Amino acid sequence: MKNLLVLTVALFVMASCSDDEVEKITFDSSVFGIEKIIVNNTTYSLKDSSFLIDKGADSPLYLTGSGYGPNYQELDYAFVSQTESLSSVAAICTKGEVNVSVSQTSTTKTYVLILYATSPKVKMIYKFSAPANRNMELVD
């Protein structure tokens, strides 16, 4: 009788538990109202209905990776230039919020540009990486 009671309770508990599925939200650049992205004082627009940066053939930006989740998308760009170092990143948006952070290791400097929207609640992440400045001084 105890086994039957335990089995009944176990079945009830298992039936009451369910996996909450995460709903994937479809969104495009219009959610953020992205007008332009500015890298080292050079203005870039986005390709139509996309988050990809519309750049010319001589641009120092190269798409190196992408990622996505249920409420975010991410694009990784390398900044490769023989004449200048990566010094600034910004975005002009008509909707949502923009946050920029910078980090540097001994070899890489990275700017992370995050755009937030509230309806739907989503974010777009751009990462711009470049070799770090190597201003080494000789010590005698």
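Residues numbered from 1 in each chain as written. Predicted model: local features only at pLDDT ≥ 70, side-chain atom pairs only at ≥ 80, totals over all residues. Heavy atoms only, no water.

1. A closer look at the sheet that holds strand E1 (residues 34-39)
Okay, so step 1: If you trace the four strands from one edge of the open sheet to the other, you get E3-E2-E1-E6, paired in antiparallel fashion. The open sheet has two edge strands, strand E3 (53-54) and strand E6 (89-93), and neither has a second partner.
Okay, so step 2: As paired elements, E1 and E6 share five bridges and run antiparallel to each other. Within the sheet, the bridge partner assigned to Lys-36 lies in E6 and is Ile-92. (Pairing = 2+ DSSP bridges. Helix = DSSP H or I, 4+ residues; strand = E, 2+ residues; numbered from the N terminus.)

2. Topic: the nonpolar core
Okay, so step 1: Ranked by size, the top nonpolar core spans 26 residues in total, and within it Phe-32, Ile-37, Val-39, Ile-53, Tyr-126 and Phe-128 carry the most contacts.
Okay, so step 2: Of all the elements in the fold, those that place two or more residues in this core are E1, strand E2 (42-46), strand E5 (72-79), E6, strand E8 (108-118) and strand E9 (121-131).
Okay, so step 3: If you tally residues by element for this core, the top one is E9, at five residues.
Okay, so step 4: Contact partners of Tyr-126, with chain neighbours within four places excluded, come to Ile-34, Ile-37, Leu-46, Phe-51, Ile-53, Leu-75, Tyr-77, Tyr-111, Val-112, Leu-113 and Leu-115. (Core = buried A, V, L, I, M, F, W, Y, C linked by side-chain atoms within 4.5 Å. Buried < 20%, exposed > 50% of the residue type's maximum accessible area, 1.4 Å probe, protein only. Contact = heavy atoms within 4.5 Å.)

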